[in-house]
Amino acid sequence: MTTQEFIDEIKKMSVLELNELVKACEEEFGVSAAAGVVVAAAGDGAAAGGAEKDEFDVELTEVGPNKVKVIKVVREVTGLGLKEAKEVVDGAPKVVKEGASKEEAEDIKTKLEAEGAKITLK
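Everything quoted here is computed from the prediction, not taken from an experiment.

Conventions used here
Residues numbered from 1 in each chain as written. Predicted model: local features only at pLDDT ≥ 70, side-chain atom pairs only at ≥ 80, totals over all residues. Heavy atoms only, no water. Helix = DSSP H or I, 4+ residues; strand = E, 2+ residues; numbered from the N terminus. Buried < 20%, exposed > 50% of the residue type's maximum accessible area, 1.4 Å probe, protein only. Contact = heavy atoms within 4.5 Å. Areas by Shrake-Rupley, 256 points an atom, 1.4 Å probe, with all protein chains shown as cover. Salt bridge = Lys/Arg side-chain N within 4 Å of Asp/Glu carboxyl O. Core = buried A, V, L, I, M, F, W, Y, C linked by side-chain atoms within 4.5 Å. Pairing = 2+ DSSP bridges. Axes fitted to C-alpha atoms, helices over the stretch in contact; angles between N-to-C directions. Parallel < 35°, antiparallel > 145°, perpendicular 65-115°, else oblique. Left-handed = near helix turned anticlockwise from the far one by under 90°. Nonpolar A, V, L, I, M, F, W, Y, C, P; charged D, E, K, R; others polar.

Caption draft 1: Structural view of the overall build of the chain. Along the backbone of the chain there are six helices and three strands. Written out in order from the N terminus, the α and β elements of the chain read α-α-α-β-α-α-β-α-β. The 122 residues of the chain split such that 22% are buried. Relative to all contacts within the chain whose residues are 6 or more apart in sequence, the contacts with residues 24 or more apart total 67%. With the model as given, the accessible surface of the chain reaches about 8000 Å², and the carbon-plus-sulfur share is 53%.

This is the structure we're talking about:
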């Protein structure tokens, strides 16, 4: 695996996966957690100063090729009706969920990305 391939794989990881990677590297190689925090912060766009957010807005950036499936997921995670969910999807980029916990935001992101949508956590 080349360095670029390794970096590309890290970019695909969720914040939770990055955290597990950092802990595993710390145990395996005896490196400090401070170095891992820098990597995790760079990977998820954490706020300046290393402060980690506890609430996120999940924004549907691009719908992708599976619009109907994306609408179904939006309905599932928001509780909106069909018409309202379709309006959210048609209005992309649009915030799907505001003030979500880190875990909930990651879960929503995973579900929508599985259907081909592009998501931004803010």
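Caption draft 2: Up close: the environment of Val15. In this structure, Val15 sits in helix α2 (residues 15–29). Along the sequence, Val15 and Lys102 sit 87 residues apart, while their C-alpha atoms lie 9.0 Å from each other.

Caption draft 3: Spatial organisation of the pattern of salt bridges. Taken as a whole, this structure holds seven salt bridges when the rule is applied. Ionic pairing is found between Glu76 and Lys111, a salt bridge with its closest N-O pair at 2.7 Å. Taken together, the residues Glu76 in helix α4 (residues 67–78) and Lys111 in helix α6 (residues 102–114) connect sequence positions 35 residues apart. Judged by relative accessible area, which is 52%, Glu76 ranks as exposed. On the accessibility criterion, Lys111 (29% relative accessible area) is partly exposed. Between Lys86 and Asp90 there is a salt bridge whose closest N-O contact spans 2.7 Å. In this pair, Lys86 and Asp90 both sit in helix α5 (residues 82–90), four residues apart, roughly one turn of the helix. Asp90 sits in the partly exposed class, given a relative accessible area of 40%. Linked through salt bridges whose partners overlap, the residues forming this network are Lys67, Lys86 and Asp90.

Caption draft 4: Representation of the nonpolar core in the model. Judged by nonpolar contacts, the single largest core of 19 residues is most densely connected at Leu60, Val70, Val74, Val89 and Leu112. Those elements that place two or more of their residues in this core are β1 (56–62), α4, α5, β2 (94–100) and α6. Among the elements that line this core, the one with the most residues is α4, at five residues. Not counting residues within four places of it along the chain, the set of residues in contact with Val89 comprises Leu60, Val63, Lys67, Val70, Ile71 and Val74.

Caption draft 5: Spatial organisation of the sheet that holds β2. Taken in spatial order, the three strands line up as β2-β1-β3 in an open sheet, and their pairing is antiparallel. Each of the sheet's edge strands pairs with one partner strand only, and the pair in question is β2 and β3 (118–121). Sheet twist, expressed as the average angle between the axes of neighbouring strands with direction ignored, equals 20°.

Caption draft 6: Structural detail: the packing of α4 against α6. Across the interface, α4 lies against α6 with an axial gap of 9 Å and an inter-helix angle of 160°. On the basis of the axis angle, α4 is roughly antiparallel to α6. Crossing hand, α4 versus α6: right-handed. Residues Val70, Val73, Val74, Glu76 and Val77 of α4 touch α6, and the partners they reach there are Ile108, Lys111 and Leu112. Partitioning the contact of α4 with α6 into residue classes produces six nonpolar, no polar and two charged.

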